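Here's the letter readout for the chains.
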Amino acid sequence: MNLKSERRGIHVDQSELLCKKGCGYYGNPAWQGFCSKCWREEYHKARQKQIQEDWELAERLQREEEEAYASSQSTQGAQSLTFSKFEEKKTNEKTRKVTTVKKFFTASSRAGAKKEIQEAKAPSPSIHRQASIETDRVSKEFIEFIRTYQKPGQDIYKQCKLFLDTVSHKRDLSIEEQSECAQDFYQNVADRLQTRWKVPPEKVEKAMDEVEKYIMTRQYKYVFCPETTDDEKKDLAVQKRIRALHWVTPQMLCVPVSEEIPEVSDMVVKAITDIIEMDSKRVPRDKLACITKCSKHIFNAIKITKNEPASADDFLPTLIYIVLKGNPPRLQSNIQYITRFCNPSRLMTGEDGYYFTNLCCAVAFIEKLDAQSLNLSQEDFDRFMTGQTSPKKQESDSFSPDVCLGVKQMCKSLDLLSQLNERQERIVSEAKKLEKDLIDWTDGITKEVEDIVEKYPLEIKPKSQALAAIDSENVENDKLPPPLQPQVYAG
Ligand SMILES: [Zn+2]
């Protein structure tokens, strides 16, 4: 399996990141390939059409009902029939959105899952307190900032208060409608600053950032991953998909990043941290900033590895790899939230817009990654997906460079341990052999000694007389000279 083959699967032409309508702004899968502006136009058209159709349907039903009523004076059954039809339609409309979320949970797990959701929706008192402290802080900062704008500032503040008051009475609107309210509001405030108050563009942009921060900090808990949408279901689906793809290596994605280099591995860790951090931010622009920070770390990692500036073709696969490695929490909810409530001008142009569009692309790719885009055979892909085997097992002899240092160290240690084990076994067997040799040797010696003893038995002879008394009966005693006598010398 040669993984270093030419890049095949993941390639996005830069023009594909732009709006389908060719207006030059960045498009987005969440807006079906349109930019925010064109999407709103399309959405408006579709909504107008829907309203028209609903209206026509209502009129038709009304007519039918009236006709039925007229004829029911004689035949009673007909009226209740058409009325029940109308009722059915109405309840269908109402429950459609709720059932998609409910359907996700199987009957057996429904009770548990519901409880979990409720717990999740009711944060602990400390989290709640923390959130309200943050809201207060943001409000104070906003007021201080807006003061520097004097009269136009007062106007903005009034508009914001009015907007927050209005939306608080519109919580039962669909999330698309709430998003539209917010987008309209951004548009109106920006227009007002520019045309009525003649504020210069760069100051308008700065003010708009603060406006977004102020209103979205307050709205966050109502409009982030709301229960009326299937955002949560999508989050879980993406998370599951990423987990199923845990075996994907940088080689398969043709990612030009070598984590062997400590500096690069550092960048990769930072990029992952940034993308995970996105979920903790409340303001859409702060979330966008996390994506931008992550992307810059990716560009750096590529640059250090390749020793030349990264190209856009290198970036997307690496971003996919980072998302797969990080599995960021509530990814779809965050993307949806940014799409719905960020100041649209940020998403349509500039680096934030560019990186955001790439992230949406990366998620879309992850959803449809297949054997071909990973340079694998269908059989290998299926076996990896079902967990029958993993690419790491297949090429365990040689380390693939993506394996992190810790894992590599562990593999080396395991290798060393098995070598040690082998040596220990050898020592034990040699020791056993030595023991046997020693026993054999002892036995051999014993046998040899016994043989000799047998061959030359020990004979104990009777006491000899000479031994009994050395001097007593020495016959030649008298031939010995007399013993020396001590003598005294004078003098
Ligand atoms: Zn457009």
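Quick look at the structure, then. What you are looking at is a predicted structure, and each value in this text was computed from that prediction instead of being measured.

**Notes on the overall build of the protein chain**
Consideration 1: Assigned secondary structure in the protein chain consists of 19 helices and zero strands.
Consideration 2: Counting all 491 residues of the protein chain, 35% fall into the buried class.
Consideration 3: Contacts in the protein chain between residues far apart in sequence, at least 24 positions, make up 73% of those at least 6 positions apart.
Consideration 4: In the structure as shown, the protein chain presents an accessible area of about 31600 Å², 55% of it carried by carbon and sulfur atoms.

**Quick word on the packing of helix 11 (residues 284-306) against helix 15 (residues 350-368)**
Consideration 1: Packing of helix 11 against helix 15 brings their axes to within 9 Å, and their N-to-C directions diverge by 80 degrees. By the angle between their directions, the pair helix 11 and helix 15 is classed as roughly perpendicular. Contacts from L288, I291, T292, S295, K296 and F299 in helix 11 reach E351, D352, Y355, F356 and L359 in helix 15.

**Observations regarding the packing of helix 12 (residues 312-326) against helix 15**
Helices that pack against each other are described as a pair by the angle of their axes relative to one another and the distance between those axes.
Consideration 1: Closest axis-to-axis distance for the helix 12/helix 15 pair is 9 Å, and the angle between their directions is 60 degrees. When the axis of helix 12 is compared with that of helix 15, the two are oblique. The hand of the helix 12/helix 15 crossing is right-handed. The residues of helix 15 that touch helix 12, namely those facing A312, F315, L316, L319, I320, V323 and L324, are Y354, Y355, N358, L359, C361, A362, F365 and I366.
Consideration 2: Considering only residue class, the contact of helix 12 with helix 15 consists of 14 nonpolar, one polar and no charged.

**Description of the pattern of salt bridges**
Any two side chains of opposite charge can pair, so long as their charged atoms come close to each other.
Consideration 1: The full count for this structure, using the stated rule, is 26 salt bridges.
Consideration 2: Between E141 and K213 there is a salt bridge, with the nearest N and O atoms lying 3.4 Å from each other. Separated by 72 residues along the polypeptide, E141 in helix 4 (residues 125-147) and K213 in helix 7 (residues 201-223) bring together distant segments of the chain.
Consideration 3: We note a salt bridge from K325 to E259, for which the minimum N-O separation is 2.9 Å. One end of the pair, K325, is in helix 12; the other, E259, is in the loop between helix 9 (250-253) and helix 10 (262-277), with 66 residues separating them in the sequence.
Consideration 4: The class for K325 is partly exposed, based on a relative accessible area of 38%.
Consideration 5: In this structure, a network of salt bridges that share partners links the residues E205, D209, R285, R346 and D352.

**Here we look at the environment of A244**
Consideration 1: Considering the arrangement of structural elements, one finds A244 in helix 8 (residues 231-244).
Consideration 2: Judged by relative accessible area, which is 26%, A244 ranks as partly exposed.

**Let's talk about the coordination of the zinc ion**
Consideration 1: Protein coordination at the zinc ion comes from C19 (SG), C23 (SG), C35 (SG) and C38 (SG), with a distance range of 2.1 to 2.3 Å.
Consideration 2: One can describe the donor arrangement at the zinc ion as tetrahedral, given that its four donor atoms subtend angles of 102 to 124 degrees at the metal.
Consideration 3: In primary sequence terms, the donor set of the zinc ion follows C-x3-C-x11-C-x2-C. Placement of C19 in the segment before helix 1 (36-72) and of C35 in the segment before helix 1 is noted, with a sequence separation of 16 residues between them.
Consideration 4: The class of C35 is buried, set by a relative accessible area of 0%.

**Quick look at helix 7**
Consideration 1: Taken as a whole, helix 7 carries its principal kink of about 45 degrees at T217.
Consideration 2: Positive backbone phi, approximately 45 degrees, marks C225, located one or two places after helix 7.

**Observations regarding a nonpolar patch on the surface**
Consideration 1: On the surface, L434, L438, W441, I445, V449 and V453 cluster together into a nonpolar patch covering about 600 Å² of accessible area.
Consideration 2: Checked against the element boundaries, V453 lands in helix 18 (residues 405-455).

**Re the packing of aromatic side chains**
Two numbers describe a pair of aromatic rings. These are the distance of the centres and the angle of the planes.
Consideration 1: Scanning the entire structure with this criterion turns up 17 aromatic pairs.
Consideration 2: Seen in terms of ring centroids, Y220 and Y337 are 5.6 Å apart; in terms of plane orientation they differ by 90 degrees. Their pairing is edge-to-face. A residue pair is termed long-range when its members are at least 10 positions apart, and Y220 in helix 7 and Y337 in helix 13 (residues 331-341) qualify at 117 residues.
Consideration 3: In this structure Y220 comes out as buried when scored by relative accessible area, which is 12%.
Consideration 4: The exposure class of Y337 is buried, given its relative accessible area of 1%.
Consideration 5: When the centroid spacing of 5.8 Å and the interplanar angle of 80 degrees are considered together, the rings of W247 and F381 count as edge-to-face.

**Digging into the side chain of T339**
Consideration 1: Looking at the element boundaries, T339 is found in helix 13.
Consideration 2: Beyond its immediate chain neighbours, meaning those up to four positions away, T339 contacts A30, W31, Q183, L347 and F356.

**Some thoughts on helix 8**
Consideration 1: Over its 14 residues, helix 8 extends 20 Å from the first C-alpha to the last, a length consistent with the 20 Å expected when each residue adds 1.5 Å.
Consideration 2: Within helix 8, the full set of buried residues consists of D231, D235, V238 and I242. Buried positions in helix 8, seen along its axis, are confined to an arc of 70 degrees and lie on one side of it. Residues of helix 8 that are exposed and point more than 90 degrees away from the buried face comprise K240 and R243.
Consideration 3: Those residues of helix 8 that are buried lie in contact with helix 12, helix 13 and helix 15.

Rules and cut-offs
Residues numbered from 1 in each chain as written. Predicted model: local features only at pLDDT ≥ 70, side-chain atom pairs only at ≥ 80, totals over all residues. Heavy atoms only, no water. Helix = DSSP H or I, 4+ residues; strand = E, 2+ residues; numbered from the N terminus. Buried < 20%, exposed > 50% of the residue type's maximum accessible area, 1.4 Å probe, protein only. Contact = heavy atoms within 4.5 Å. Areas by Shrake-Rupley, 256 points an atom, 1.4 Å probe, with all protein chains shown as cover. Axes fitted to C-alpha atoms, helices over the stretch in contact; angles between N-to-C directions. Parallel < 35°, antiparallel > 145°, perpendicular 65-115°, else oblique. Left-handed = near helix turned anticlockwise from the far one by under 90°. Nonpolar A, V, L, I, M, F, W, Y, C, P; charged D, E, K, R; others polar. Salt bridge = Lys/Arg side-chain N within 4 Å of Asp/Glu carboxyl O. Donors = N, O, S within 2.8 Å, 3.2 Å for Na, K, Ca; no water. Tetrahedral: all angles 85-135°; square planar, octahedral: opposite > 155°, others 65-115°. Bend = angle between axes of the 7 residues up to and from the residue. Patch = residues over 30% accessible without salt bridge, like charges linked within 9 Å, V, L, I, M, F, W, Y side chains within 5 Å. Phe/Tyr/Trp six-rings, centres within 6.5 Å; stacked < 30°, edge-to-face > 60°. Expected span 1.5 Å × (residues − 1). Arc of directions from axis to C-beta.

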